[in-house]
Amino acid sequence: MNANKRRRRWWPRSVRARAALAAALTAAVVLTGMGWWVHQEVYRQSLSVAEEKARNDLFALVDQLKQGDVPGPRRSAPYEVVATGRATAVASGGGMEAFDRSAGHVLPSPPALSTPVPEMTDGWDYAYRPLRIPDRPDYDSGSGQDLAGRTYGVLYNDIWAGQLTPEQAAALGVRPDATLRAYVVLVPDTSEEIAAAIDDMLLRAGLAGLLLIGAVAYFTVRIALRPVEAVRRLTASVTDPRERVTVPATAHEITALADTINATLQRLDHAAAQQRRFVADAAHELRSPLTTLLTSLEVALAYPERTDWPATATTAARQTRRFQALAEDLLLLARLDTGAPTTDPETVDLSALASQLSGQHLLSARKLDLTCVGTGPAYVRGDRDQLERLLRNLLDNAARHAAHRVQVTVRGEDEQVVVTVHDDGPGVPAEDAERIFERFVRLDDARSRDQGGTGLGLAIARDLAHRHGGTLTLVAGDGDADDGNGACFELRLPQAPAPDGDPAHDADTALGPDPDPDPNPDSDQDLDPNPDSDPDPDSAPLPAPYPDSVPAPDHVTNSDPDPTPDPAPDPK
């Protein structure tokens, strides 16, 4: 980590400096490419000009030779005129005179001709090829530019001496049948010097341009970031999520940033308020059974000889079970709030699960009629225990508020499994259709907490539905309940394919109730007349245990007040 920090120490931390450096580096790359292109273009153009000048010199030499004149040594371009049958050069100059003429000509002799060289119609015919200037001992490098030992492009043209008069051939010092060749050396030194001068100017201009671009980028970003700095200072000064930052009047990215910060503060404010309300409600709910338990025990200890100890123990056990169930509900909600993924999801048949729970559910002493109907297997993917918990909460909620009947329906619809739980109770007001899914919400504040449950059942059910990619809503009843419209909860979960090798379920077996229900539930078990109080484990068989010891959730007012209040010791 320290090594990485040391390696990155050269990179500036300021956004302004980073933007300026990035702009300068980008400009450097662009200017370097443009400079290379300008260098190549200038060199090519200057070399083309030098070639044009060498060609003009070549034709001037040819014209002089055709008139029998020997060219002088003063030329802008190096040249040499050689002839067949002659060891020394006819003429040389422009730098080629640095070679000793008595030592022989430098460039090769032409082949012998017997006819005149045909001319192009425009009269500008010449040949071009690269030749190496030999580095001979007789070369005097101090007399002019250094040509020896280097390869140059050479322009040349041939002349047949038979085209000349004998006097002209004699003036040139060649035989009448000789062949003359005029060489002009194309020296790129001037082009290279021009290109070097251009490179020097481009370098200085580029450095100045880079400094200017970097400065402009720095101050431009600095001006652009002033609103960001203002928003940052305002955000840093926020100590309460209810505060908001000032939104700039101009509609640009800074405005969007301020709006996003305000939206984030609003969500934090809502989350903080929800957390405070949850903690207050949880503390209140936990205090109720603790207060009841502590009061009964203190009174019993104060008057031990007058205390009905079995009744006191029963009350203490009931309040302890309620306290335990509430604590487990809070722990489950905490786990659901963390958003941890469901472990080992499996394919679950909701039809069979709903039928099983309907057959095992302990209804209240009011002899409710609970039916479960469906069309066949309905497979979903998820955690079986959590899905069972979800259905149990819905069944407990419906049983608590139903007048005579609870109906469960399972069907497939648009690649979804739809489960409806409909009771014929007093129903839910339309304005409370969403509020009942909030935590610790009871619509009837006048009823006792022992009868109404903890107010967490529907909240847990909706969280479990969302966790499995589904929804849980309160919808209008389907009219199947006999007495009253009641409340109808609709659960929708994504449908899953049937597991491989699993035979088709018989619809009557999968969806029907227990084929041999106990016709007289009171004959084998003594149900607590309080629908929310836990049955005595010593006197009544329990249903299949809830996952995490779940209490019965609620959504609306229970029509039956608890006929049996908690026993208390006689203070006298």
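In this report, we go over the structure that sits alongside the text. (Residues numbered from 1 in each chain as written. Predicted model: local features only at pLDDT ≥ 70, side-chain atom pairs only at ≥ 80, totals over all residues. Heavy atoms only, no water.)

1. Here we look at the overall build of the protein
Stated formally: The helix and strand labels rest on DSSP assignments: H or I over at least four residues marks a helix, E over at least two residues marks a strand, and numbering proceeds from the N terminus. When a residue's accessible area, from a 1.4 Å probe over protein chains only, is under 20% of the maximum for its type it is buried; when over 50% it is exposed; and in between it is partly exposed. Contacts are assigned to residue pairs that have any heavy atoms within 4.5 Å of one another.
Tallying secondary structure elements over the protein gives 13 helices and twelve strands in all. Counting over 572 residues, the protein shows a buried share of 38%. In the protein, the share of contacts with a sequence separation of at least 24, taken over all contacts with a separation of at least 6, comes to 72%.

2. Regarding unusual backbone geometry
In the Ramachandran plot, aspartate 414 falls in the positive-phi region, its phi being about 55 degrees despite a non-glycine side chain. Tracing the chain through its elements places aspartate 414 in the loop between β9 (405-413) and β10 (416-423). Given a relative accessible area of 69%, aspartate 414 falls into the exposed group. In this structure, glutamate 415 is a non-glycine residue whose phi angle is positive, near 60 degrees. Along the chain, the position of glutamate 415 falls in the loop between β9 and β10. Exposure remark for glutamate 415: the relative accessible area of 69% places this residue in the exposed category.

3. Some points on the sheet that holds strand β2 (residues 91-93)
For clarity, the cut-off: Pairing between strands is defined by DSSP: at least two bridges between the two strands are required. Helix axes use the C-alpha atoms of the stretch in contact, all axes being lines fitted to C-alpha atoms, and the angles between their N-to-C directions lie in the range 0 to 180 degrees.
Ordered by their spatial adjacency, five strands build an open sheet running β2-β1-β5-β4-β3, and the pairing between neighbours is antiparallel. Of all the strands in the sheet, just β2 and β3 (127-132) have a single pairing partner and so form its edges. Strand after strand, the sheet turns through a mean of 25 degrees between neighbouring axes, direction not considered. The pairing of strand β1 (residues 79-83) with strand β5 (residues 179-186) spans five bridges and is classified as antiparallel. When the sheet's bridge partners are listed, valine 82 is paired in β5 with arginine 181.

4. A few points about the packing of helix α9 (residues 384-401) against helix α11 (residues 457-467)
Helix packing for two helices is described by the angle between their axes and how far apart those axes are. How we decide: A clockwise turn of the near helix away from the far one marks a right-handed crossing, whereas an anticlockwise turn of less than a right angle marks a left-handed crossing. Lys, Arg, Asp and Glu make up the charged group, whereas Ala, Val, Leu, Ile, Met, Phe, Trp, Tyr, Cys and Pro make up the nonpolar group; the residues left over, Gly among them, are polar.
Closest axis-to-axis distance for the α9/α11 pair is 9 Å, and the angle between their directions is 145 degrees. Where α9 crosses over α11, the two elements pack in a sense that is left-handed. Mapping the contact onto sequence places Gln386, Arg389, Leu390, Asn393, Leu394 and Asn397 in α9 and Gly457, Leu458, Ile460, Ala461, Leu464, Ala465 and Arg467 in α11. Residue composition of the contact of α9 with α11, by class: seven nonpolar, four polar and two charged.

5. What to know about the sheet that holds strand β12 (residues 488-494)
Across a sheet, paired strands are connected by hydrogen bonds in the backbone, their directions being either parallel or antiparallel. If you walk across this open sheet you meet the five strands as β7-β9-β10-β12-β11, and the pairing is mixed. Every interior strand has two partners, whereas the edge strands, β7 (369-374) and β11 (471-475), have only one. Geometrically, the sheet is characterised by an average inter-axis angle of 15 degrees between neighbouring strands, direction not taken into account. In terms of strand pairing, β7 meets β9 through six bridges, oriented parallel. Looking across to β9, one finds that aspartate 369 is bridged to arginine 405. The sheet strands contacting α9 are β7, β9, β10, β11 and β12, and the helix crosses β10 at an angle near 25 degrees.

6. Concerning the pairing of β12
Within β12, six of the seven residues are buried, which leaves the element mostly enclosed by the surrounding structure. Note that β10 and β12 share seven bridges and pair antiparallel. By the bridge assignment for β12, valine 421 is matched with phenylalanine 489. Two elements, β11 and β12, share five bridges in a ladder whose sense is antiparallel. Residue valine 475 lies in a different strand from β12, and its bridge partner there is cysteine 488.

7. Quick notes on the environment of proline 345
Tracing the chain through its elements places proline 345 in the loop between α7 (309-338) and β6 (346-349). Residues proline 345 and arginine 384, 39 residues apart in the sequence, show an inter-C-alpha distance of 7.9 Å. Look past the residues within four positions of proline 345 in its chain and what remains in contact with it is Arg381 and Gly382.

8. Here's the deal with the pairing of strand β4 (residues 151-160)
Of all ten residues in β4, nine are buried, a share of seventy percent or more. Relative to β4, β3 runs antiparallel, the two sharing six bridges. Across the sheet, residue alanine 127 finds its bridge partner in β4, namely tyrosine 156. Sheet topology note: the β4/β5 ladder contains eight bridges and is antiparallel. Bridging from a neighbouring strand, tryptophan 160 pairs with threonine 179 of β5.

9. Description of the environment of glycine 455
Mapping glycine 455 onto the fold places it in the loop between α10 (449-452) and α11. In this structure glycine 455 comes out as buried when scored by relative accessible area, which is 2%. Taking the C-alpha atoms as reference, glycine 455 lies 5.2 Å from valine 441; in sequence the two are 14 residues apart.

10. A closer look at the pattern of salt bridges
As a reminder of what qualifies: The working definition used for a salt bridge is a side-chain nitrogen of Lys or Arg within 4 Å of a carboxyl oxygen of Asp or Glu.
If you walk through the whole model with that rule in mind, you get 15 salt bridges. Close ionic contact of aspartate 158 with arginine 181 constitutes a salt bridge, the shortest N to O distance being 2.5 Å. Of this pair, aspartate 158 sits in strand β4 while arginine 181 sits in strand β5, placing them 23 residues apart in sequence. Take aspartate 158 and arginine 181: they sit in the same class, and that class is buried. Linked through salt bridges whose partners overlap, the residues forming this network are Arg411, Glu413, Glu490 and Arg492.

11. Remarks on the packing of aromatic side chains
Our working definition: Each Phe, Tyr or Trp ring (for Trp, its six-membered ring) is paired with any other whose centre lies within 6.5 Å, and the angle between the two planes then decides the class: stacked below 30 degrees, edge-to-face above 60, tilted in between. Whether a charge sits over a ring depends on NZ of Lys or CZ of Arg being within 6 Å of the ring centre and within 35 degrees of the ring normal.
Evaluated as defined, the whole model comprises five aromatic pairs. Here the aromatic rings of phenylalanine 59 and tyrosine 126 are separated by 6.2 Å at their centres, their planes lie at 80 degrees, and the arrangement is edge-to-face. Within this pair, whereas phenylalanine 59 is found in helix α2 (residues 15-66), its partner tyrosine 126 is found in the loop between β2 and β3, the two being separated by 67 residues in sequence. Here phenylalanine 59 falls in the buried class, since its relative accessible area comes to 9%. Relative accessible area serves as the criterion here: at 25%, tyrosine 126 is assigned to the partly exposed category. Consider the rings of tyrosine 218 and phenylalanine 219, whose centres lie 5.4 Å apart with planes at 85 degrees: the pair is edge-to-face. The partly exposed category is assigned to tyrosine 218, whose relative accessible area is 27%. Seen from the ring of tyrosine 79, arginine 75 lies directly overhead, with NZ or CZ sitting 5.9 Å from the centre.

12. What to know about α2
Short version of the rule: To estimate how far a helix should reach, multiply one less than its number of residues by 1.5 Å.
Taking 1.5 Å of rise per residue, 52 residues should cover 76 Å, and α2 covers 75 Å from first to last C-alpha, within 8% of that figure. Positive phi shows up at glycine 68, right after α2, with a value of about 80 degrees.

13. Points about a nonpolar patch on the surface
Inclusion rule: Each patch is assembled from residues with relative accessible area greater than 30% and no salt bridge, linking like charges that lie within 9 Å and nonpolar side chains (Val, Leu, Ile, Met, Phe, Trp, Tyr) that lie within 5 Å. In these tables, accessible area is a Shrake-Rupley quantity obtained with a 1.4 Å probe, and a residue counts as shielded only by the protein chains included in the view.
Taken together, the side chains of Val30, Leu31, Met34 and Ile213 make up a nonpolar region of the molecular surface, amounting to roughly 320 Å² of accessible area. Residue contributions to the nonpolar patch peak at three residues, all from α2. Along the chain, valine 30 falls in helix α2. We classify valine 30 as partly exposed; its relative accessible area is 44%.

It is worth stressing that arrangement in space is one thing and function is another; only the former is reported here.
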